[in-house]
There are 2 protein chains.
Amino acid sequence: MEYSSKRVRRGFSIDTQNKVININGEIFTDPSQAKVSVFDRGFLFGDSIYEVTDAYEMTPCFLEEHLDRLWISAGKLFMPINYSRDEIASEINKCLKKLNSPRAYIRIIITRGEGEITLDPSNAGRNNLIIICRSLQVNPSWWYENGVEVVIAQTKRTAIESMDPSIKSGNYLNNILAFNEAASKGAYDAIMLNHDSKITEGTTSNAWLVKDGTFYTPALKAGLLGGITRAKLIELCNENSINVKEEDITIEQLKGADEVFLTSSTKRIIPVVKIDDHIVGSGKPGSHSLNLLNLYLSKYQLPR
Amino acid sequence: MEYSSKRVRRGFSIDTQNKVININGEIFTDPSQAKVSVFDRGFLFGDSIYEVTDAYEMTPCFLEEHLDRLWISAGKLFMPINYSRDEIASEINKCLKKLNSPRAYIRIIITRGEGEITLDPSNAGRNNLIIICRSLQVNPSWWYENGVEVVIAQTKRTAIESMDPSIKSGNYLNNILAFNEAASKGAYDAIMLNHDSKITEGTTSNAWLVKDGTFYTPALKAGLLGGITRAKLIELCNENSINVKEEDITIEQLKGADEVFLTSSTKRIIPVVKIDDHIVGSGKPGSHSLNLLNLYLSKYQLPR
């Protein structure tokens, strides 16, 4: 059966304003023109790695740490990177100058490259480097006034033996399935458990709790991505003689906490006030979480 | 540091001959022109599903069964499909006519579409449908004369609780890591175990053994993709009063088998003669495997 070509999809459903895309050094300000080959292994297999950070007044936050992690992800996937750190930094700067926004979202994607369709990574050409920048507002004040709700996902975080969750890769269906559980219940995010039912992380964030003045976050061996913000906050706690522990956390411990929050590079600290049907602590963002946020923003001179 | 634009990658490393690509109804015969948006969720997250089959004299093999499975994958990912089965079949036919090859490889990819960068699937526009066809030779005769070698991968097959392996998706790093273990040892493929150390499947194939005249293949609940060829062979065994069992298989049982083989839609049956350092049976492709291949090709009038 033939069908009308009018039914064939042509539209582009994203906001075309305030975006700059850099593909292997070439700049695009019209998102619909920014394309990669269907033979790119990132497209075919999710055979890519990425990092996300933000920039404030043209300066990317913790870029060295993000590039360190990018190289760690590449190493764990045996993926050569044909760009130097300086080259990537330079391409980001080109985007930021073009975007010219007070705050910017930056996504750095490196794929294994293009090749014949086979799982064999040795068949890939050179990497494709894609940098996507868009203007970014400061985080909304309601996060700090009301907090957000999360669910405990039924979808388990991928086990380390299958795909080390510390690899920040283009394989995100595990997290999308968990996020979908949250979205279907009107929640902001989902907390994922490992196969031993211990807390790992949110779908794009790390998870924390405060109990009796001590901060707790799952240890990396629970199977999670070691967030840059997570690492900076642990350092900050230690500098300020605030008790902080990395250890296994159960659902009961999370729900029984005085305060719970999520952390990510662009979101900083987001207070969590409800987990499934359970109200956390007072039901309002807690003072320990907000104090830590203020210490963090102040130390690094970051906007909220 | 600025760097020379000459270092920026432009080349395309794949064979540009004998390929036809169809993107939402538009035909490309130059692979370097076949591109998708960097905002496509298939590229960003591997948020896509796919099927592979071959066509013989312009007729795709078991297309109905492959489309059934495509819809099952979509359902498990809550992914709407905006194309009808007839529309997809029609687009495949357009490619096959243009390719005009006695045998063709067909890859059907459906992504969740394009959207702002967020895990939230509801942010996606309409699907992108990409069909990649290329001419395909008959399978090499040395497979049947000498067989292939496989390894048992250290990388465990993703657990059902994290990402159901029966979803044929664009998240393939788990399989790529396993394949890489095989490639680094010069083997043809890797057999993946589940978290209970039972056999699941090859990286793009199902695994079988023959012992005392009975055929065994792991049951779906071990965590594997239910291959179309696998299902057809089970049916064929039953029709011909050949004993066939779907059950848990250990490494020891696989290595102790009289014959071992892999199956896939395009590869049919590939005899395996070595697993790690262990020689299987006589060290040559076995008569049970080759007889089953001949029965299969004969029943469905397929080329090798």
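Student: Kindly report on the overall build of chain A, identifying the contributing residues and their values.
Tutor: Per the secondary structure count, chain A includes eight helices and 16 strands. Its C-alpha radius of gyration of 20 Å places chain A within 12% of the 19 Å reference for a compact globule of 304 residues. For chain A, the spread of C-alpha atoms along the three principal axes comes to 60 × 45 × 40 Å. Across the 304 residues of chain A, 50% fall into the buried class.

Student: Got a sec to walk through the nonpolar core? Specific residues and values, please.
Tutor: If you look at the biggest cluster of nonpolar residues, it comprises 161 residues, and the most contacted ones within it are C133(A), A190(A), C133(B) and A190(B). Apart from residues no more than four positions distant in its own chain, C133(A) is found in contact with K19(A), V20(A), C95(A), L96(A), L99(A), A104(A), Y105(A) and I106(A).

Student: For the interface of chain B and chain A, give the residues involved together with the corresponding values.
Tutor: Facing the 68 residues of chain B at the interface are 68 residues of chain A. Tallying contributions element by element places helix α5 (residues 173-184) of chain B first for the side of chain B that touches chain A, with seven residues. Within the side of chain B that touches chain A, the residues separate by chemical class into 28 nonpolar, 25 polar and 15 charged. The sheet contact formed by strand β3 (residues 35-37) of chain A and strand β3 (residues 35-37) of chain B spans three bridges and is antiparallel. Pairing of S37(A) across the sheet is with K35(B), part of β3(B).

Student: An account of the packing of helix α6 (residues 228-239) of chain B against helix α8 (residues 287-300) of chain B is requested, with residue identities and associated values reported.
Tutor: Residues and elements named next belong to chain B. At a minimum axis distance of 11 Å, the contact between α6 and α8 shows a crossing angle of 100°. Comparing the axis directions of α6 and α8 gives the class roughly perpendicular. Of the residues in α8, those touching α6 at K232, L233 and L236 are L292, L295, Y296 and K299. Looking at the contact of α6 with α8 residue by residue, the class counts come to five nonpolar, no polar and two charged.

Student: Please provide a residue-by-residue account of helix α3 (residues 85-99) of chain B, values included.
Tutor: Residue and element names in this part refer to chain B. The end-to-end C-alpha distance of α3 is 21 Å, a good match for the 21 Å that 15 residues give at a rise of 1.5 Å each. Every buried residue belonging to α3 is among I88, E91, I92, C95, L96 and L99, and all of these are buried. Take α3 and look down its axis: the buried residues cluster within an arc of 140°, on one side only. Seen from the open side of α3, the exposed residues pointing more than 90 degrees away from its buried face are D86 and K97.

Student: Could you give me a rundown of the relation of the copies chain B and chain A, with the residues and numbers involved?
Tutor: Each copy of the sequence occupies a distinct position, and chain B is placed on chain A by a rotation of 180° and an axial shift of 0.0 Å, giving an RMSD of 0.0 Å. The relationship between the two copies is best expressed as a two-fold rotation axis. The fraction of interface residues of chain B whose copies in chain A are also interface residues reaches 100%, indicating that both copies meet through the same surface.

Student: Requested: an account of the pairing of strand β11 (residues 206-211) of chain A, with residues and values cited.
Tutor: All names here are of chain A. With five of six residues buried, β11 lies mostly within the body of the structure. In this sheet, strand β12 (residues 214-217) lies alongside β11 in antiparallel orientation, the contact comprising three bridges. Pairing of V210 across the sheet is with F215, part of β12. Counted along the chain from β11 to the antiparallel partner β12, the turn is two residues long, and its residue D212 has a positive phi close to 50°.

Student: Run through the confidence of the model for chain A, naming residues and quoting values.
Tutor: Residue and element names in this part refer to chain A. Summing up the model confidence of chain A, the mean pLDDT is 94 and the portion of residues at 70 or higher is 96%. Here residues 1-11 is modelled with pLDDT under 50, and outside its nearest four sequence neighbours on either side it reaches eleven contacts, counting other chains as well. Both scores are given for the predicted complex: the pTM is 0.95, the ipTM 0.95.

Student: Give a detailed account of the sheet that holds strand β4 (residues 48-56) of chain B, specifying residues and quantitative values.
Tutor: Residues and elements named next belong to chain B. On the basis of which strands lie adjacent, the open sheet formed by six strands has the order β2-β1-β7-β6-β4-β5 and antiparallel pairing. Two strands bound the open sheet, and with one partner strand each, they are β2 (26-28) and β5 (59-60). Alignment of strand β1 (residues 19-23) against strand β7 (residues 128-135), held across five bridges, turns out to be antiparallel. Each bridged residue has a counterpart across the sheet, and for V20 the counterpart in β7 is C133. Where helix α2 (residues 63-76) meets the sheet, it contacts β4, β5 and β6 (103-111), and its direction lies at approximately 175° from that of β4.

Student: Account for the domain arrangement of chain A, naming residues and giving values.
Tutor: Residue and element names in this part refer to chain A. Split by domain assignment, chain A resolves into domain 1 (15-135) and domain 2 (142-300). Contacts between the two partners involve 19 residues from domain 1, matched on the other side by nine residues from domain 2. Of all the secondary-structure elements, those providing two or more residues to the side of domain 1 that touches domain 2 are β4 (48-56) and α2 (63-76). Examining the composition of the side of domain 1 that touches domain 2, we find that seven residues originate from one element, β4, more than from any other. Partitioned by chemical class, the residues of the side of domain 1 that touches domain 2 number seven nonpolar, six polar and six charged.

Student: With reference to specific residues and values, describe the environment of S287(B).
Tutor: All names here are of chain B. Following the sequence through the fold, S287 ends up in helix α8. Assessed through the 12 C-beta atoms surrounding it within 10 Å, S287 is described here as exposed. Here the alpha-carbon distance between S287 and Q301, two residues 14 residues apart in the chain, equals 20 Å.

Student: Tell me about the pairing of strand β8 (residues 148-152) of chain B, residues and numbers included.
Tutor: Residues and elements named next belong to chain B. For β8, the buried fraction is high: four of the five residues fall into the buried class. One ladder, built from three bridges, connects β8 with strand β15 (residues 268-275); its direction is parallel. When the bridges of β15 are listed, E149 appears paired with K274. Bridge count between β8 and strand β9 (residues 189-193): three bridges; the pairing is parallel. Residue pairing for β9: I152 is matched across the bridge by I191. Of the crossover connections in this fold, the one passing from β8 over α5 to the parallel β9 is right-handed.

Student: For α6(B), give the residues involved together with the corresponding values.
Tutor: Residue and element names in this part refer to chain B. With twelve residues, α6 should cover 16 Å at 1.5 Å per step; its first-to-last C-alpha distance of 17 Å lies within 8% of that length. Where α6 is buried, its residues contact α2, β11 (206-211), β12 (214-217), β14 (259-264), β15 and α8. Following α6 by one or two positions, S241 has its phi on the positive side, about 55°.

Student: Let's hear about the sheet that holds strand β5 (residues 59-60) of chain A: which residues, and what values?
Tutor: Residue and element names in this part refer to chain A. If you trace the six strands from one edge of the open sheet to the other, you get β2-β1-β7-β6-β4-β5, paired in antiparallel fashion. Since the sheet does not close on itself, it has two edges, and those belong to β2 (26-28) and β5, each with one partner. As paired strands, strand β1 (residues 19-23) and β2 are joined by three bridges and run antiparallel to one another. When the bridges of β2 are listed, N22 appears paired with I27. Lying over the sheet, α2 contacts β4, β5 and β6 (103-111), oriented at roughly 175° with respect to β4. Where helix α3 (residues 85-99) meets the sheet, it contacts β1, β2, β4, β5, β6 and β7 (128-135), and its direction lies at approximately 30° from that of β7.

Thresholds, definitions, all that
Residues numbered from 1 in each chain as written. Chains lettered and ligands numbered in written order. Predicted model: local features only at pLDDT ≥ 70, side-chain atom pairs only at ≥ 80, totals over all residues. Helix = DSSP H or I, 4+ residues; strand = E, 2+ residues; numbered from the N terminus. Rg over C-alpha atoms; globule rule 2.2 N^0.38 Å. Buried ≥ 20, exposed ≤ 12 C-beta atoms within 10 Å, placed from the backbone. Core = buried A, V, L, I, M, F, W, Y, C linked by C-beta atoms within 7 Å. Contact = placed C-beta atoms within 7 Å. Nonpolar A, V, L, I, M, F, W, Y, C, P; charged D, E, K, R; others polar. Pairing = 2+ DSSP bridges. Axes fitted to C-alpha atoms, helices over the stretch in contact; angles between N-to-C directions. Parallel < 35°, antiparallel > 145°, perpendicular 65-115°, else oblique. Expected span 1.5 Å × (residues − 1). Arc of directions from axis to C-beta. Least-squares fit on C-alpha atoms with pLDDT ≥ 70 in both. pLDDT = per-residue confidence, 0-100. Domains from an automatic or database assignment. Right-handed = clockwise from strand over helix to strand, strands pointing away.

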